[in-house]
Amino acid sequence: MSKYKNLDLFSIIKNTQINTPVFLDKVSAGFPSPATDYMENKLDLNEYLIKHPAATFIVKTSGSSMTSANIYSGDLLIVDRSIVPKNNNIVIASIFGDLTVKKLKKKEKSLFLASANDDYPSIEVKEEMECFIWGVVTYIIHETTSN
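These figures come from a predicted structure and were not determined experimentally. (Residues numbered from 1 in each chain as written. Predicted model: local features only at pLDDT ≥ 70, side-chain atom pairs only at ≥ 80, totals over all residues. Heavy atoms only, no water.)

### Overview of the overall build of the protein chain
Next, step 1: Scanning the protein chain for helices and strands turns up one helix and ten strands.
Next, step 2: Helices and strands in the protein chain line up, N terminus first, as β-β-β-α-β-β-β-β-β-β-β.
Next, step 3: The proportion of buried residues among the 147 residues of the protein chain is 29%.
Next, step 4: Partitioning the intrachain contacts of the protein chain with sequence separation of at least 6 by distance along the chain shows that 57% fall at a separation of at least 24.
Next, step 5: Split by element, the accessible area of the protein chain, about 10,500 Å² in all, is 53% carbon and sulfur. (Helix = DSSP H or I, 4+ residues; strand = E, 2+ residues; numbered from the N terminus. Buried < 20%, exposed > 50% of the residue type's maximum accessible area, 1.4 Å probe, protein only. Contact = heavy atoms within 4.5 Å. Areas by Shrake-Rupley, 256 points an atom, 1.4 Å probe, with all protein chains shown as cover.)

Here it is as structure tokens:
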């Protein structure tokens, strides 16, 4: 088994809408404000989170190499393949056929796939490696409380 855990791939289902209520009132992160029961609209999370449906996929993470980037085992990552990866982007990369989530780092003429956990080493991308970027992570979805 590879030292890089595979990520579970989810496909975007076209024509599937999940409309969630959207309230106009903002939620205070300081002092609470009175809430209203007025609902303005419904929001389709696909429209909000997915800019390029044909180029977007969702992966479920496994492992703890990205915890300092607030990516935890079991999180869902929305990944857009149409975005050109840049330095410091969080990306999904294929290394010798295994998918991994890492931060893309360019140092001088070298390219690295960096972990966001000191317990995991960065991976220097060498020319002879079978490595390519699948896409750029645009959103991270995780639970804030455990059940």
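### Considering the packing of aromatic side chains
Next, step 1: This structure, assessed with the given rule, holds two aromatic pairs.
Next, step 2: Look at Phe57 and Trp134: their rings are 5.7 Å apart centre to centre, the planes differ by 80°, and that puts the pair in the edge-to-face class. With Phe57 in strand 4 (residues 56–60) and Trp134 in strand 10 (residues 131–141), the pair connects residues that are 77 residues apart, well separated along the chain.
Next, step 3: With a relative accessible area of 22%, Trp134 lands in the partly exposed category.
Next, step 4: On the basis of an interplanar angle of 15° and a centroid distance of 6.3 Å, the ring pair of Phe132 and Trp134 is categorised as stacked. (Phe/Tyr/Trp six-rings, centres within 6.5 Å; stacked < 30°, edge-to-face > 60°.)

### Side note on the nonpolar core
In a soluble, globular protein the nonpolar side chains are often hidden away together inside.
Next, step 1: Ranked by internal contacts, the top residues of the largest apolar core, which has 13 residues, are Met66, Leu77, Val79, Ile90, Ile92, Val101 and Val137.
Next, step 2: Setting aside its immediate chain neighbours within four residues, Leu77 contacts Phe57, Ile58, Val59, Thr61, Ile71, Ile92, Val101, Val137, Tyr139 and Ile140. (Core = buried A, V, L, I, M, F, W, Y, C linked by side-chain atoms within 4.5 Å.)

### Quick notes on the pairing of strand 8 (residues 110–114)
Next, step 1: Sheet topology note: the strand 7 (residues 98–107)/strand 8 ladder contains five bridges and is antiparallel. Pairing of Lys105 across the sheet is with Phe112, part of strand 8.
Next, step 2: The hairpin formed by strand 7 and strand 8 contains two residues between the paired strands, and Glu108 there has a positive phi angle of roughly 55°.
Next, step 3: With three bridges connecting them, strand 8 and strand 9 (residues 123–125) associate as antiparallel partners. When the bridges of strand 9 are listed, Leu113 appears paired with Ile123. (Pairing = 2+ DSSP bridges.)

### Some points on unusual backbone geometry
For residues that are not glycine, phi is negative in most cases, and the peptide bond is trans in most cases.
Next, step 1: Unusually for a residue other than glycine, Asn88 sits at a positive phi of about 75°.
Next, step 2: Mapped onto the fold, Asn88 is located in the loop between strand 5 (76–80) and strand 6 (90–95).
Next, step 3: With a phi close to 55°, Glu108 is a non-glycine residue in the positive phi region.
Next, step 4: Looking at the secondary structure, you find Glu108 in the loop between strand 7 and strand 8.

### Considerations on the side chain of Asp80
Next, step 1: Relative to the elements of secondary structure, Asp80 occurs in strand 5.
Next, step 2: For the buried Asp80, no salt bridge is present, and the opposite-charge side chain at shortest range is Arg81, 8.0 Å distant.
Next, step 3: In terms of polar contacts, Asp80 uses its side chain to reach the side chain of Ser82, at 2.6 Å.
Next, step 4: Setting aside anything within four residues of it in sequence, one finds Asp80 in contact with His52, Ala55, Thr56, Gly135, Val136 and Thr138. (Lys, Arg positive; Asp, Glu negative; His and termini not counted. Salt bridge = Lys/Arg side-chain N within 4 Å of Asp/Glu carboxyl O. Polar contact = N/O pair within 3.5 Å; in protein donor to acceptor, adjacent residues only side chain to side chain.)

### Some thoughts on the pattern of salt bridges
Next, step 1: By the definition in use, this model includes one salt bridge.
Next, step 2: We note a salt bridge from Lys126 to Glu124, for which the minimum N-O separation is 3.6 Å.
Next, step 3: On the basis of relative accessible area, Glu124 is assigned to the partly exposed category, the value being 30%.

Function cannot be read off these values alone, since they describe shape.
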